[in-house]
Amino acid sequence: MTTAESNWARRAGAIAAVLLSAYHLVVLWWDFGQTGFVDLPIFLAHAQRFLETGELYLDTVDVATYGPTAPVYKFPPLFGMLLLPFARTIEAGDLYVHWIAHLALYLVAVGCAVRMFLGARGATPMVIGLILALNFEPFLETVWRLQVELPILLLLLAAFAGIRFRLPWLTGVALGIATLFKVYPGFLLVYFLVRRRFDVVLWSALSAILVTLSTVIVFGIDQNRLFFLEILPFLLNEPPLAGNTSNVSAARHLQELGGLSPA
């Protein structure tokens, strides 16, 4: 086989692998859309509840209401605020808007990530990264649940872009907003504190304050206080349970592997 034929065969194999991976992603994505979604209807119901009663969260903060897998809204208020326009007409069509948007945004995120992290390293790493991303099981989990991980992914990519192009305001704003979607991205700020990148931390704090002010305007002080001062501390104290995938902490894995108790 000549060099030209070998190069052609590699290109054809790479294209076939990418197309097969894309087909696999779309087929599984379509299956989830046909069988229904799990979490988003719950969140939309709570947003509708706020429109009717002025309450987004349940007042009773205990294991029965906010324990693992409890069918309640337990995110910061930001996501609930973004759901309010959809909550006015809760129909299947509203869920399918999110379903289609998830695939489109994920493909955009994959393209940006592959280009940003692998684009300068040649075609082979780009093809491998694309194949892995198109077969990425955690994304399919988010499609089934239609939760907030995809917006967080896009915000984290924006944060990395801010690092790469030396735009501290972009990194800080992206991390600040991501933290108010689902608290754990805020732990990335520890890196910038250790590196003494206080400009990123200040931009993050400013964006978080502005977003919180907007949720206070929409939901009121009491609902924000209920989440940040009662519900969030309760969730942070949630003990790991063996066999329960809702808590993915290191303690749960130690418990499963070594038989250790939560204590």
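Note: the structure precedes this text.
Now for a quick tour of the structure. Quantities reported herein were computed from a predicted structural model and do not represent experimental measurements. (Residues numbered from 1 in each chain as written. Predicted model: local features only at pLDDT ≥ 70, side-chain atom pairs only at ≥ 80, totals over all residues. Heavy atoms only, no water.)

Remarks on the overall build of the protein
Filter applied, for reference: Secondary structure follows DSSP: runs of H or I at least 4 residues long count as helices, runs of E at least 2 residues long count as strands, and numbering of each begins at the N terminus. Any pair of residues with heavy atoms lying within 4.5 Å of one another is described as a contacting pair. Using the Shrake-Rupley algorithm and a 1.4 Å probe, accessible areas are obtained, with residue cover drawn only from the displayed protein chains.
Per the secondary structure count, the protein includes 13 helices and 0 strands. Sequence-ordered secondary structure for the protein, helices as α and strands as β, is α-α-α-α-α-α-α-α-α-α-α-α-α. In the protein, the proportion of contacts linking residues at least 24 apart, taken out of those at least 6 apart, comes to 69%. As displayed, the protein has an accessible area near 14,900 Å², and 70% of this comes from carbon and sulfur atoms.

A word on the packing of helix α9 (residues 168-179) against helix α11 (residues 198-219)
Using the following cut-off: As a rule, the C-alpha atoms of each element are fitted with a line to give its axis, helices using only the stretch in contact, and angles between N-to-C directions run from 0 to 180 degrees. Comment on the angle field: the value is read as roughly parallel under 35 degrees, roughly antiparallel over 145, roughly perpendicular from 65 to 115, and oblique elsewhere. What makes a crossing left-handed is the near helix being turned counterclockwise from the far one by less than a right angle; a clockwise turn instead makes it right-handed. Polarity classes work like this: nonpolar for Ala, Val, Leu, Ile, Met, Phe, Trp, Tyr, Cys and Pro, charged for Asp, Glu, Lys and Arg, and polar for all others, with Gly in that last group.
Running from N to C, α9 and α11 cross one another at 45°; their axes reach a closest spacing of 7 Å. For the element pair α9 / α11, the angle class is oblique. As α9 packs across α11, the resulting crossing turns out to be right-handed. Mapping the contact onto sequence places P168, W169, T171, G172, V173, L175, G176 and I177 in α9 and D199, V200, W203, S204, S207, A208 and V211 in α11. By residue class, the composition of the contact of α9 with α11 is 9 nonpolar, 5 polar and 1 charged.

A closer look at empty space enclosed by the protein
What counts is decided by this rule: Cavities and pockets were defined on a 1 Å grid built from protein atoms only: a cavity is a group of points that admits a 1.4 Å probe but offers it no way out, a pocket is an open group of points flanked by protein on both sides within 12 Å along at least five of seven lines, and a lining residue is one with an atom within 4 Å of any such point. Grid points are joined across faces, edges and corners, and a volume is the space filled by probe spheres set on the points.
Under the criterion given, the structure shown has 1 cavity of 30 Å³ or more. The calculated volume of the largest cavity comes to roughly 30 Å³. What lines the largest cavity is simply P76, P77, L78, L180, V211, T212, T215, N224 and F228. In terms of residue count, α11 provides more of the lining of the largest cavity than any other element does, 3 residues in total. A class-by-class count of the residues in the lining of the largest cavity yields 6 nonpolar, 3 polar and no charged.

Some details on the packing of aromatic side chains
The test is simple: The aromatic pairing rule takes the rings of Phe, Tyr and Trp, using the six-membered ring of Trp, and pairs them if the centres are within 6.5 Å, calling planes under 30 degrees apart stacked, those over 60 edge-to-face and the rest tilted. Buried means the residue's accessible area, taken with a 1.4 Å probe over protein chains only, is under 20% of the maximum for its type, while exposed means over 50%, and partly exposed covers the values in between.
Inspection of every chain in the model, using the stated rule, returns 19 aromatic pairs. An angle of 85° between the planes, with centres 5.0 Å apart, marks the rings of F227 and F228 as edge-to-face. Overall, the relative accessible area of 27% leaves F228 in the partly exposed class. Site record: aromatic cluster; members linked through ring pairs are F43, Y57, Y73, F75, F79, F227 and F228.

Describing helix α8 (residues 149-164)
Selection rule: Under the convention used throughout, the expected extent of a helix is 1.5 Å for every residue step, that is, one less than its residue count.
The end-to-end C-alpha distance of α8 is 22 Å, a good match for the 22 Å that 16 residues give at a rise of 1.5 Å each. Every buried residue belonging to α8 is among L150, I152, L155, L157, A159, A161 and G162, and all of these are buried.

Distances and angles like these do not, on their own, reveal function.
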